[in-house]
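So you can see what is in the structure, the chains are spelled out below.
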Amino acid sequence: MSGFDEFLITASRACCTPLAIFIQIQGCLICLVLALGWALASYVRNREIKIMRRKMKEGNSLAFLSHDINDLEHSKQANLPRVTVVMPLKGFGEHNLHNWRSQITSLYGGPIEFFFVVDSVEDPAYCAVNSLISDFKDEIDAKVIVAGPSTTCSQKIHNQLVGVEKMHKDSKYVLFLDDDVRLHPGSIGALTVEMEKRPEIFIQTGYPLDLPSGTLGSYCIYEYHMPCSMGFATGGQTFFLWGGCMMMHADDFRNDNYGVVSGLKDGGYSDDMTLAAIAGAHKKLITSPPVAVFPHPLASDLTFSRYWNYLRKQTFVLESYTTKVNWIMNRALFTVHCYLSWGFVAPFFMSSIHIAAAFCNYSNGKSPEITSCGGLFLTGCLAVCTTIELISMWNLTRIEVHLCNMLSPEAPRLSLASYNWGLILIAMLVDNFLYPISAIRSHFSQSINWSGIRYHLRNGKIVQIDRSKDKGPLYTDLAAKHLYNRKGSSPKVSFLGSLARSWAHWRQPKKYDS
């Protein structure tokens, strides 16, 4: 027996201490808890699918817009409140035109205006979105706003607040959307109707369904988002908030109710974390409707380094806070997430040692099981629990893909065929291993580069902003968007233009019939 074989056997026996056995059992429990969470989320999403199918069988072919077809009558649509949609932009990438079209061609029947907000005319998004708006001319109420550089908060928050300042005086609700959100035709209507039914709602939100492009980096991002998705698939109240889709009362911004404007403007880094903290402090209601799940195609060339940059930004938000209670909550989330991440990875490392040691023992003509604790048995339990977890993740993704297809019947069909579940398992290990490293680095660095802008924090708030094209990246992390303009370049017009116009014609038939 070689020295390496003896090392493996010794290591396998070391993985049978009471602490090591506890860690391996804990890993199995983590897998089962995740599987249960995704199963519950699947139930909520699938329940919505069943309701839509039942309504369609009853004759409501527009169930993807409203469960009650009577709500689509002109008399009711005309009484819907005015909504202002604010979209802070940065850069221009491969999926932006499709996403923007899905936003401005919403089948919302009430008055609606769209504000695309950039920091300067040099942003590639400025020319691209102007070209898109010119395609629709007078069909929509949309404009591009140049907000200028931020000085006291993140550029995204600055763009959002400038957009709010420009909103119509009669707007009742404001909807903040990221430029990588692909809306369904009835999304804005569904959010608005729910706000009308329940005025006590402070914020309505949703969550993305990542569509991996095939790279390991894209699967790591998909895996990173999936555990969070169960917190948004409640069909009602939630404590989570996603900044990519937030509908709020416009008067909360006009009057700075609960300090929403001052809280964001005064050193705010993360819009969703800041608003979630305000909601928690004032015991305000956050809800996530079951239909608020949005396709999120990831960049076809999303590299691992861009995934790492994205992870760094996600862990960095835990360093921003508004109150002492918020700081305590962030520290608790930081600790628990790091513990569970490495608690998930460690059993796989121990199992690999058990398997390697058993193989070496078998090669030497001995019994594969060499440990008194049953190392291979623990490995088998972990394999079973991991399989259950992956099946539950697959089932939730399958149901959300089906729901998205039903909510957007005119869009290209989404499919699970391209998902590589072997890479997803690897991504689970990679992402959970790297998360604590990223979180610890964020804690000690207290600065981050976000789309070419470096933010420095002190006491949870932004205190310094550095801008330099030479220091920042050329592309964003998820969508491979160009952050800086290139002379002589012009955006291509998508083939979906005619389809988008048909939806606009459906939304305002009298305007076109006349």
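Please read these numbers as outputs of a predicted model, since none were measured by experiment. (Residues numbered from 1 in each chain as written. Predicted model: local features only at pLDDT ≥ 70, side-chain atom pairs only at ≥ 80, totals over all residues. Heavy atoms only, no water.)

Participant: Could you give an account of the overall build of the protein chain, naming the residues involved and the relevant values?
Facilitator: Across its full length, the protein chain holds 17 helices and 12 strands. Within the protein chain, the proportion of its 514 residues that are buried is 55%. Partitioning the contacts of the protein chain with sequence separation of at least 6, the portion at a separation of at least 24 is 80%. When the accessible surface of the protein chain is split by element, carbon and sulfur atoms take 61% of a total near 22,500 Å². (Helix = DSSP H or I, 4+ residues; strand = E, 2+ residues; numbered from the N terminus. Buried < 20%, exposed > 50% of the residue type's maximum accessible area, 1.4 Å probe, protein only. Contact = heavy atoms within 4.5 Å. Areas by Shrake-Rupley, 256 points an atom, 1.4 Å probe, with all protein chains shown as cover.)

Participant: Explain empty space enclosed by the protein residue by residue, including any values.
Facilitator: On inspection of all chains with the given rule, the structure shows 4 cavities of 30 Å³ or more. Volume-wise, the largest cavity comes out at about 60 Å³. Lining the largest cavity are 13 residues, and of these Thr274, Ser320, Tyr321, Thr322 and Gly460 lie nearest its centre. Residues that form the lining of the largest cavity fall into these classes: 3 nonpolar, 8 polar and 2 charged. (1 Å grid on protein atoms, 1.4 Å probe; cavity = no way out; pocket = protein on both sides within 12 Å on 5 of 7 lines; lining within 4 Å. Points joined across faces, edges and corners; volume = space filled by probe spheres on them. Nonpolar A, V, L, I, M, F, W, Y, C, P; charged D, E, K, R; others polar.)

Participant: So what's going on with unusual backbone geometry? Residues and values would help.
Facilitator: Excluding glycine, residues mostly have negative phi values, and the peptide bonds linking residues are mostly trans. For Asp256, which is not a glycine, the phi torsion comes out positive at approximately 55°. Counting through the fold element by element, Asp256 comes out in the loop between helix H9 (250-254) and helix H10 (260-265). The exposure class of Asp256 is partly exposed, given its relative accessible area of 29%. Within the chain, Tyr258 stands out as a residue other than glycine whose phi angle is a positive 60°. With respect to the secondary-structure elements, Tyr258 resides in the loop between H9 and H10.

Participant: Residue-level account of the pairing of strand S6 (residues 207-211), with values.
Facilitator: Among the 5 residues of S6, 5 are classified as buried, and the element is accordingly described as predominantly covered. Relative to strand S9 (residues 293-297), S6 is paired through 5 bridges, and the arrangement is parallel. Paired with Tyr207 across the strands is Val293, a residue of S9. (Pairing = 2+ DSSP bridges.)

Participant: I'd love a proper account of the packing of helix H2 (residues 18-57) against helix H14 (residues 375-407), names of residues and values included.
Facilitator: For the pair H2 and H14, the least separation of the axes is 8 Å and the interaxial angle reads 20°. Judged by the inter-axis angle, H2 sits roughly parallel to H14. H14 is crossed by H2, and the crossing has left-handed handedness. Of the residues that constitute the contact of H2 with H14, the class distribution is 24 nonpolar, 8 polar and 5 charged. (Axes fitted to C-alpha atoms, helices over the stretch in contact; angles between N-to-C directions. Parallel < 35°, antiparallel > 145°, perpendicular 65-115°, else oblique. Left-handed = near helix turned anticlockwise from the far one by under 90°.)

Participant: Just give me the short version of the sheet that holds strand S11 (residues 453-458), but keep the residues and values in it.
Facilitator: Across the sheet, 3 strands lie side by side as S10-S11-S12; this open sheet has antiparallel pairing. Whereas interior strands pair on both sides, the edge strands pair on one side only; in this sheet they are strand S10 (447-450) and strand S12 (461-467). Averaged over all adjacent pairs, the angle separating strand axes in this sheet is 25°, with direction ignored. Note that S10 and S11 share 4 bridges and pair antiparallel. Within S11, the position partnered with Asn449 by the bridge is Arg454.

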